[in-house]
Amino acid sequence: MTVTETPRFVRADGPDKVTGSGRYTADLSLTGMLTAKFKYAGVAHGRITKLDTSAAKAIPGVFAVLTQADVPNVRFGPFVQDRTLFADGVVRFEAEIVAAVAAIDAATAQRAVDAIVVEYELLPVVNDAEAALAPDAPLVHPDWSSYGAARPMVRNRNDASFASIAKGDVEAGMAQADHVVRSRYVADGCHAAPIEPRAIVAQWEGDKVTIWSSTQVPFDARAGVCETLELPANRVRIIVPHLGGGFGGKCGFHQEAHVAALARAARRPVRLVFSRREEFLAPDKRREGITYEFETGVRNDGTITARRVKMVLDNGAYTSDAGFFSQIGAMHGLGPYRIPNLLAEAHLVYTNHQPSGSVRAPTAPQSCWALESHTDEVARAIGIDPVEFRRRNAVDTGAEGPSGQLYGEIGVQQCIAEAARLAGYGQTLPADEAIGLAIGWWPSFSVPSGAYVKIDGDGSGQIITGAQECGTGSVMTLRQLAADEVGLRAEDFQLVYQDTSVAPYDMGATGSQTLFNNGRAVVAAAAQVAEQLRQLAANRLEADPADIVLADGRAHVAGTPDRSVTIAKLAAIAAGGELLIGHGSGAPPEAPALVGSTCVGNVGMAAWVAPQFSCHAVRVKLDRDTGVVRVLHVAAAHDSGTIINPLAAEGQVQGAVIMGIGQALTEGTTYDDAGHQRNAALLEYKLQTCADVPPMAVHFVQINTPNAGPRGAKGLAEAPNVATAAAISNALAQLVGQPVRQLPMTAERVWNAMNATGAQGGAA
Amino acid sequence: MSFTIARTLDEALAALAAGARPIAGGTDLVVGARHGKAPLPADLVAIDRIPGLAEVTVTAAGITIGAAVSHHTLEGHPLIASTYSALADGSALVGSPATRHVGTLGGNIMNASPAMDTGAGLTVLGAEVELRAQAGSRRVTLADLWTAPGRTSARPDELCVAVHVPTPAPRSGSAYLRLEYRRAMEIAVVGAAAAVTLAPDGSVAAVRVALSAVAPTILSLGGLETLAGGSVNDVAAAVAAAASQQATPISDVRATDHYRRHTVGVMARRAVAAAARRAAGETIAIPVNRSIGIGAAS
């Protein structure tokens, strides 16, 4: 195998996307295709007292109107089976689907939706996750105890998933401290906000259905369709055309079964395309709001003696894929620090809000924001520079993490040093500017995955993979791995991907896992082909297969480059005999052991394979008259293991930093008292624009990571989204005089915080 | 349902008389319809290809800006940038580059949003709008034009064809600023325009100020005549106080009334300061939002 130096190749799907020739799900058009629309609850909590679809069904051009009565009575959910396809007697958030319509065109479908009669007995709206933990709080799911659930889940009434991590003796640790710093922080929910609203097309042929869906996880989508419509996996085919962004919002099983059920009832292909408003309200995917209560004991010499954190996460109305958020949230509430005595308790609590789900590094950016803001408060309490405080207390190679994991080679200390250097930490700044710094972490997820690699008779290759490209470039990078294995160029390979009936299983574009796991599978598959090529070359060149080198499109005998044959020639020979086909999966790295900690509600998120570390340092400027904050520069240093595709990796960091700035300053979902989102539109939910993006310096700390992905790679897509908001907060706190304790730190909240301390500035 | 492309003004006016509504860039009309604000009118007449409607003309009294002149043209027009700067400041803040290339001044005015970015600047510059129907044309002041959010005093058969802006007095300058949470695709949280005329001794001879997004229509500040003769700093401080006092903002998802009342004073103070600098001959790049304060490059 020859590893290509820093490949900066054009991604395979780039020209399609840039020129507009690429096709997305909403571009598909099938003969006789109908338009789907949903009837949503419109109220956040209510018992259905009347549901009458007869008038809708009578409208000419309406082919199908479905409710829960028309689909199998299946309660589903990956962690808690608390969900049905359509409302089952009770609606629990404003965009719960009550009925679905398929009609000849969008206007007819809308008329049919409007003609569906639904009446409700309104139930009390559970708007506040902390209040929902009270023993007398109204229950979102009165039948919670009868639901099926994953075995380790610890549940109690509105508490859908409790997790704790305990180590040492936290009371004794607090008693050893010179200072105990207590803080409360509140993070609002926010959204993935992909630019492509989701779209689904379903078409039946006999008893088999093909579903084109803008999903990040085609195999998960298939499993959901199979479970809810009671079909075997081999009769459901999910194909993903180009995906227009996901950011986690298109993880999980969503409306594929609704559209498939409509298509079956209507006996026609059916297409669903969400409006922007629907994209905000309806998916089971909102970044969870969380409240934090921290308590950290510290000695005057800068040693942390104990930490306690209590977190309450807003689960929303259904548990979706958020069941693990309490445990991974607890890890982020404790942070990558060496603390002998600790206790984290996290509750994932039902409310009548949109369900929470995996948005890019779920629980991490907001928890890092809260913890790292608190950490700066701790450092200031004992008069130690926040960077120095982190150098002393952060984990390091050979150290033990909060859950008792012993780390091999890790690069967190290098990240701190590099980010501080790139930001010019310590330089003299104008009075309205400051630099803040924060450290973050995120796991790599070790899961099964598979791929095929083949080389046809003309010497051109194909990778047939179950992996899903959501824009990160991870699938694109697979070509490089296969090419290096067999001595071809990345451009010599075409990708066949995003089709569940063609390729083996992959978990999808989720958990930053694509390169980590599918990369392993592709390397294993390509290695089989390479072995075939070496055998063929050995026969032809009269050499030992072990002495054959595959490079630059040729096979040659080691040490004798003249004795060679082209891979195209070997492929032609193989085409007349045993074909060049490889398949691979490879064993996923095993989870590390935990020592000396107790984990309640353990769903496997307290021990992290190949953990990633980061440090962001951000320079901000504050307008003291208005509270408006401007980010002037971001330095991002990452230990994500070996970087295989630097161009794509830098792009991941840049994009995640921009998302992080939005989460820090402008992106937050607010609810009214009735449980309705107040800003479900792109004008009022303020993403950052290109005009807002500051200069950035990105650095990768590349060290030898044990137990990692191909060539020592870790994940990358989520990690850079973790520490930006925290670093902004720590810069801002210096200018405001105290932390802004609610996320997003909007201009008005900043201004309020300034006024609270009397730190308001003079005239501009 | 019909869509007529008018080739002459007479064709457009005939279509309006028959009940059609005008469309130029469509940046309010189409987006509003998609968001469910108001359905698209059944009959539309496109006015973006009428000769002469997209021209800026210098007259003896000042300038005449055709209703179909785009924001992009306004933000880059040398005379408007130098002499009618508040209008250029506002035009340069509208939406995105794409919005500014298709969106028109006439559309912005007749949409009558209190958060519009050109309205406060036109108000302090003393602009009048020319409305034309088949029966003839009339000029109205902006204060008479805007009656409520989204409402004007124009009759359905009247088309806004031009905006007339008088030549400012010597030693005058103007500026428009808005509070914004991001630098593109934004709507004013609050905004303020000021037109300042300096006396030869550098004191303020006259000042006019108008506010956006703090009242049902663009709010022209009253009682500023008494400030004449004051220093720029004193006038700016008095204007800030008057702006906060006269504003009647609402609370919504963008900001509370309390915060708007405070920040509109900040915007008004900065607008007066920037206008006075321009009146003194200094060039501040368009838009002011990107040249001073938090919006500046560093």
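Computed from a predicted model, the values in this text were never measured in an experiment.

J.: Before we move on, can you summarise the overall build of chain B with the specific residues and values?
T.: Assigned secondary structure in chain B consists of 12 helices and 14 strands. Against the globule reference of 19 Å for 298 residues, chain B gives a C-alpha radius of gyration of 19 Å, in line with a compact fold. In terms of principal-axis extent, the alpha carbons of chain B reach across some 55 × 45 × 35 Å. For chain B, the proportion of its 298 residues judged to be buried stands at 53%. Looking at chain B alone, contacts between residues at least 24 apart form 62% of all its contacts between residues at least 6 apart.

J.: Requested: an account of the overall build of chain A, with residues and values cited.
T.: On a plain count of helices and strands, chain A comes out with 17 helices and 28 strands. In summary, chain A has a C-alpha radius of gyration of 27 Å against a globular reference of 27 Å for 764 residues, a match within 12%. In terms of principal-axis extent, the alpha carbons of chain A reach across some 80 × 75 × 50 Å. Contacts in chain A between residues at least 24 apart in sequence constitute 80% of all its contacts with a sequence separation of at least 6. Roughly 25700 Å² of accessible area belongs to chain A as shown, and the carbon and sulfur atoms make up 50% of that amount. Of the side-chain charges in chain A, 64 are positive and 79 negative, and the distance between the mean point of each set is 3 Å.

J.: Tell me about the nonpolar core, residues and numbers included.
T.: Grouped together as the largest cluster of nonpolar side chains are 155 residues, with contacts concentrated most on B:V207, B:V209 and B:V239. Of all the elements, helix α11 (residues 257-279) of chain B adds the most residues to this core, at 11 residues.

J.: Tell me about the domain arrangement of chain A, and name the residues and values.
T.: On domain assignment, one finds that chain A holds domain 1 (31-123), domain 2 (290-445 + 593-757) and domain 3 (447-584). Between domain 1 of chain A and domain 3 of chain A, the C-alpha centre-to-centre distance is 48 Å.

J.: Please provide a residue-by-residue account of the packing of aromatic side chains, values included.
T.: Residue and element names in this part refer to chain A. Tallied over the entire structure, the rule returns 16 aromatic pairs over all chains. Between F79 and F324 the ring centres are 6.0 Å apart and the planes differ by 40°, which places this aromatic pair in the tilted class. Remark: F324 occurs in the loop between β14 (304-316) and α8 (325-334) and F79 occurs in the loop between β3 (62-66) and β4 (90-91); sequence separation between them is 245 residues. A ring pair is formed by Y407 and F613, whose centres lie 6.0 Å apart and whose planes are at 85°; its orientation type is edge-to-face. Here the residue Y407 occupies a position in the loop between α10 (386-393) and α11 (412-423), and F613 occupies one in strand β25 (residues 609-622), the gap between them amounting to 206 residues. Exposure remark for F613: the relative accessible area of 0% places this residue in the buried category.

J.: Talk me through the layout of surface pockets; I want residue IDs and the actual numbers.
T.: Residues and elements named next belong to chain A. Empty space within the second largest pocket amounts to approximately 630 Å³. Considering the residues around the second largest pocket, the lining is formed by 28 residues, among which F79, F324, F445, M507 and M605 are closest to the centre. At 3 residues, strand β16 (residues 433-444) tops the list of elements feeding residues into the lining of the second largest pocket. Two domains each put at least three residues into the lining of the second largest pocket: domain 2 (290-445 + 593-757) and domain 3 (447-584).

J.: Outline the pairing of strand β26 (residues 629-639) of chain A, listing residues and values.
T.: All names here are of chain A. Counted residue by residue, β26 has 11 buried out of 11 residues, so it is predominantly covered. Two elements, β25 and β26, share 10 bridges in a ladder whose sense is antiparallel. When the sheet's bridge partners are listed, R619 is paired in β26 with H633. In this structure, the hairpin formed by β25 and β26 is closed by a connection of 6 residues, where G627 is found at a positive phi of approximately 85°. Relative to strand β27 (residues 696-700), β26 runs parallel, the two being bridged by 5 bridges.

J.: Mind laying out the interface of chain A and chain B, listing which residues take part and the relevant values?
T.: Many analyses report the size of an interface as the accessible area lost when the parts associate. Residue-level contacts link 28 residues of chain A with 28 residues of chain B. Between chain A and chain B, the buried area comes to about 2300 Å², and carbon and sulfur atoms account for 59% of it. Linking chain A with chain B are 5 salt bridges. We note a salt bridge from B:R269 to A:D625, for which the minimum N-O separation is 3.0 Å. With 3 residues, the single largest contributor to the side of chain A that touches chain B is helix α17 (residues 747-757) of chain A. A breakdown of the residues in the side of chain A that touches chain B according to their chemical character gives 12 nonpolar, 6 polar and 10 charged.

J.: Outline the sheet that holds strand β22 (residues 560-566) of chain A, supporting the account with residue identities and numerical values.
T.: Residue and element names in this part refer to chain A. The 3 strands are arranged β20-β21-β22 in an open sheet whose pairing can be described as antiparallel. Bordering the open sheet on either side are β20 (548-551) and β22, each of which pairs with just one other strand. Averaged over neighbouring strand pairs, the angle between their axes works out to 35° when direction is ignored. Summarising the sheet, β20 and strand β21 (residues 554-557) pair through 4 bridges and their orientation is antiparallel. Residue pairing in the sheet places A551 in a bridge with R554 of β21. Strand contacts of helix α13 (residues 514-541): β20, β21 and β22, with the helix running at about 120° to β20, the strand carrying the most contacts. The strands touched by helix α14 (residues 567-575) within the sheet are β21 and β22, with β22 carrying the most contacts at an inclination of about 45°.

J.: Can you explain the environment of A:L495? Please cite residues and give values.
T.: Residue and element names in this part refer to chain A. Checked against the element boundaries, L495 lands in strand β19 (residues 493-497). Judged by its relative accessible area of 13%, L495 is buried. Considered as a pair, L495 and A726 are 231 residues apart in the sequence and their alpha carbons are 38 Å apart. Once residues lying within four places of it in the same chain are set aside, the contact partners of L495 are A12, I463, V475, M476 and R479.

J.: Explain empty space enclosed by the protein to me, using residue names and the numbers behind them.
T.: Take a probe with the size of a water molecule and roll it over the atoms, and the empty space left behind shows itself. Residue and element names in this part refer to chain A. Taken as a whole and judged by the stated rule, the model has 7 cavities of 30 Å³ or more. Within this model, the second largest cavity holds a volume of roughly 220 Å³. Lining the second largest cavity are 20 residues, with S474, L515, A649, K714 and L716 positioned closest to its centre. Among the secondary structure elements, those contributing two or more residues to the lining of the second largest cavity are α12 (474-486), α13 and α15 (646-665). Tallying contributions element by element places α15 first for the lining of the second largest cavity, with 3 residues. The residue makeup of the lining of the second largest cavity, split by class, is 9 nonpolar, 10 polar and 1 charged. Counting only domains with at least three residues in the lining of the second largest cavity, you end up with domain 2 (290-445 + 593-757) and domain 3 (447-584).

J.: An account of α12(A) is requested, with residue identities and associated values reported.
T.: Counting buried residues along α12(A), 13 of its 13 residues qualify, which places the element largely inside the surrounding structure. Downstream of α12(A) by one or two residues, A:G487 has phi in the positive range, about 80°.

J.: Which residues make up the sheet that holds β16(A), and what are the values?
T.: By definition, the strands of a sheet pair up through backbone hydrogen bonds, in either a parallel or an antiparallel sense. Residue and element names in this part refer to chain A. Ordered in space as β16-β25-β26-β27, the 4 strands form an open sheet in which the pairing is mixed. On the outer flanks of this sheet lie β16 and β27, each paired with one strand and no other. On average, each strand axis in the sheet is tilted by 15° relative to the strand beside it, whichever way the strands run. As paired strands, β16 and β25 are joined by 11 bridges and run antiparallel to one another.

J.: Outline the packing of helix α9 (residues 364-381) of chain A against α10(A), listing residues and values.
T.: All names here are of chain A. Orientation of α9 relative to α10, taken along the N-to-C sense of each, is 100°, at an axis distance of 9 Å. Comparing the axis directions of α9 and α10 gives the class roughly perpendicular. Counted together, E372, T375, D376, V378, A379 and R380 of α9 and P386, F389 and R390 of α10 form the full contact between these two elements. In terms of residue class, the contact of α9 with α10 is built from 4 nonpolar, 1 polar and 4 charged.

J.: If you had to explain unusual backbone geometry to someone new, which residues and values would you point to?
T.: The residue after A:L743, namely A:P744, is reached through a cis peptide bond having omega 0°. Considering the arrangement of structural elements, one finds A:P744 in the loop between β28 (742-743) and α17. Here the residue pair B:I286 and B:P287 is connected by a cis peptide bond, since its omega of -10° sits within 30 degrees of zero. We note that A:T363 has phi near 75°; this positive angle belongs to a residue other than glycine. Considering the arrangement of structural elements, one finds A:T363 in the loop between β15 (341-350) and α9. Backbone geometry places A:N707, a non-glycine residue, at a positive phi of 55°. Structurally, A:N707 is set in the loop between β27 and α16 (724-736). Overall, the relative accessible area of 41% leaves A:N707 in the partly exposed class.

J.: So what's going on with the environment of B:A255? Residues and values would help.
T.: Its place among the elements puts B:A255 in the loop between α10 (232-246) and α11. Assessed through its relative accessible area of 3%, B:A255 is described here as buried. Those residues in contact with B:A255, other than ones at most four positions away along the chain, are A:E748, B:Y181, B:V189, B:I250 and B:R260.

Cut-offs applied
Residues numbered from 1 in each chain as written. Chains lettered and ligands numbered in written order. Predicted model: local features only at pLDDT ≥ 70, side-chain atom pairs only at ≥ 80, totals over all residues. Heavy atoms only, no water. Helix = DSSP H or I, 4+ residues; strand = E, 2+ residues; numbered from the N terminus. Rg over C-alpha atoms; globule rule 2.2 N^0.38 Å. Buried < 20%, exposed > 50% of the residue type's maximum accessible area, 1.4 Å probe, protein only. Contact = heavy atoms within 4.5 Å. Areas by Shrake-Rupley, 256 points an atom, 1.4 Å probe, with all protein chains shown as cover. Lys, Arg positive; Asp, Glu negative; His and termini not counted. Charge placed at Lys NZ, Arg CZ, Asp CG, Glu CD. Core = buried A, V, L, I, M, F, W, Y, C linked by side-chain atoms within 4.5 Å. Domains from an automatic or database assignment. Phe/Tyr/Trp six-rings, centres within 6.5 Å; stacked < 30°, edge-to-face > 60°. 1 Å grid on protein atoms, 1.4 Å probe; cavity = no way out; pocket = protein on both sides within 12 Å on 5 of 7 lines; lining within 4 Å. Points joined across faces, edges and corners; volume = space filled by probe spheres on them. Pairing = 2+ DSSP bridges. Buried area = accessible area lost by both parts, 1.4 Å probe. Salt bridge = Lys/Arg side-chain N within 4 Å of Asp/Glu carboxyl O. Nonpolar A, V, L, I, M, F, W, Y, C, P; charged D, E, K, R; others polar. Axes fitted to C-alpha atoms, helices over the stretch in contact; angles between N-to-C directions. Parallel < 35°, antiparallel > 145°, perpendicular 65-115°, else oblique.

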